[in-house]
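Overview (structure and organization)
Each chain is listed here by its residues.
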Amino acid sequence: MSDCIFCKIVNGEIPSETVYNGPHVTAFRDINPVAPVHVLIVPNRHIDDIRDPRAFEDDILTEMFDAANKVAEMEGVAGSGYRLLINYGPDANLVVPHLHLHLIGGRPLGPMVSRRK
Ligand code: AMP
Ligand code: ZN
């Protein structure tokens, strides 16, 4: 998609720190990390979000989660643990409408979701 920031990253039109390339996915460092390790894993082709039926085609999700396992090993957090996160919609604060899996780790992350209202 021409005006999609993650499509531009995948196509090399916007710089990013890529940490892993799979056949159909790319993993790069989040520009505003919330932890020492914060990597985004995205499909190379544009898919809007986790409710987009294209996410369930061609083993895209399988490849994304397989890439997450590899990135966790490469980033040294496979033993210490990490969090995998997909946001959807306003309540989850989805900002970039190109499917992405957050891999977050490198420090104790605390409870999964804040109990603050
Ligand atoms: P989400 O709230 O799930 O849509 O998360 C989008 C993520 O994309 C945020 O954590 C941003 O910091 C990250 N992000 C936005 N622009 C860039 C960029 N140019 N390079 C790397 N990460 C980005
Ligand atoms: Zn895109």
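This write-up is about the structure you can find in this document. (Residues numbered from 1 in each chain as written. Chains lettered and ligands numbered in written order. Predicted model: local features only at pLDDT ≥ 70, side-chain atom pairs only at ≥ 80, totals over all residues. Heavy atoms only, no water.)

As a further point, take helix α2 (residues 60-74). In this model α2 runs 21 Å from its N-terminal to its C-terminal C-alpha over 15 residues, within 8% of the 21 Å that 1.5 Å per residue would give. For α2, the complete set of buried residues consists of Ile60, Leu61, Glu63, Met64, Ala67, Ala68, Val71 and Ala72. Buried-residue contacts for α2 involve β1 (18-21), β2 (25-29), β3 (37-43), β4 (82-85) and β5 (101-105). At the C-terminal side of α2, Gly76 shows a positive phi close to 80°. (Helix = DSSP H or I, 4+ residues; strand = E, 2+ residues; numbered from the N terminus. Expected span 1.5 Å × (residues − 1). Buried < 20%, exposed > 50% of the residue type's maximum accessible area, 1.4 Å probe, protein only. Contact = heavy atoms within 4.5 Å.)

This part is about the layout of surface pockets. Approximately 870 Å³ is the volume attributed to the largest pocket. Asp30, Val34, His38, Asn87 and His102 are the residues nearest the centre of the largest pocket, which is lined by 33 residues in total. Going through the elements one at a time, α1 (5-10), β2, β3, β4 and β5 are the ones with two or more residues in the lining of the largest pocket. In terms of residues, the lining of the largest pocket owes the most to one element, α1, which gives three residues. Each residue belonging to the lining of the largest pocket can be placed in one class, and the counts come to 19 nonpolar, eight polar and six charged. (1 Å grid on protein atoms, 1.4 Å probe; cavity = no way out; pocket = protein on both sides within 12 Å on 5 of 7 lines; lining within 4 Å. Points joined across faces, edges and corners; volume = space filled by probe spheres on them. Nonpolar A, V, L, I, M, F, W, Y, C, P; charged D, E, K, R; others polar.)

Generally speaking, nonpolar side chains in soluble globular proteins are found buried as a group. In terms of nonpolar packing, the biggest core is built from 20 residues, with Tyr20, Ala27, Val39, Ile41, Met64, Val71 and Leu103 touching the most fellow members. Every element with two or more residues in this core is listed here: β1, β2, β3, α2 and β5. Looking at this core element by element, the count peaks at seven residues for α2. Counting eight residues, the second largest nonpolar core, distinct from the first, contains Cys4, Phe28, Val42 and Val96. (Core = buried A, V, L, I, M, F, W, Y, C linked by side-chain atoms within 4.5 Å.)

Everything listed is a geometric property; what it means functionally is a separate question.
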